[in-house]
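# Secondary and tertiary structure notes
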Amino acid sequence: RFLGGHNVIKTPGGLIAVRADRTRLARNGESNALAATVTGVEYQGASYAIALEGGGAADLSAIVGDADFAGAPVAVGDRVGLVWSEADVQPVSPAN
């Protein structure tokens, strides 16, 4: 579930949160990417907000710089990968 500026993602180790601006769309051949489908593309001036569905989540989001988007544009329906750095992961504790 997307929580504010964060994606909440189910992983084998539990739920994690990753800021949308710290994720990126995977390049071909990146094996650690979360498979996702583009569900929306919104131009925001210096960046694009890419809405995604994947990994059992229907509301993932990635912020892509306009230069990166121009070099590898995506459209609704495209299959992509979503990746992030382990340094950007925040574990999510279950609610009590």
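A few points on the structure. (Residues numbered from 1 in each chain as written. Predicted model: local features only at pLDDT ≥ 70, side-chain atom pairs only at ≥ 80, totals over all residues. Heavy atoms only, no water.)

### Overview of the overall build of the protein
Along the backbone of the protein there are 1 helix and 9 strands. Reading the protein from its N terminus to its C terminus gives the helix and strand order β-β-β-β-β-β-β-α-β-β. Over its C-alpha atoms the protein spans a radius of gyration of 13 Å, differing by no more than 12% from the 12 Å that the globule rule assigns to 96 residues. Taken along its principal axes, the extent of the C-alpha atoms in the protein is 45 × 30 × 25 Å. In the protein, which comprises 96 residues, the share counted as buried stands at 34%. Of the accessible surface of the protein, which amounts to about 5,800 Å², a share of 51% is contributed by carbon and sulfur atoms. Of note, the protein has its 7 positive side-chain charges centred 5 Å away from the centre of its 10 negative side-chain charges. (Helix = DSSP H or I, 4+ residues; strand = E, 2+ residues; numbered from the N terminus. Rg over C-alpha atoms; globule rule 2.2 N^0.38 Å. Buried < 20%, exposed > 50% of the residue type's maximum accessible area, 1.4 Å probe, protein only. Areas by Shrake-Rupley, 256 points an atom, 1.4 Å probe, with all protein chains shown as cover. Lys, Arg positive; Asp, Glu negative; His and termini not counted. Charge placed at Lys NZ, Arg CZ, Asp CG, Glu CD.)

### Some points on the sheet that holds strand β4 (residues 23-25)
Overall, antiparallel pairing links the 5 strands, which are arranged β4-β8-β5-β6-β7 in an open sheet. Lying at the two open borders of the sheet, with one neighbouring strand each, are β4 and β7 (57-65). Adjacent strand axes in the sheet meet at a mean angle of 45°, parallel and antiparallel pairs treated alike. As paired strands, β4 and strand β8 (residues 79-84) are joined by 3 bridges and run antiparallel to one another. When the bridges of β8 are listed, Leu-25 appears paired with Leu-82. (Pairing = 2+ DSSP bridges. Axes fitted to C-alpha atoms, helices over the stretch in contact; angles between N-to-C directions.)

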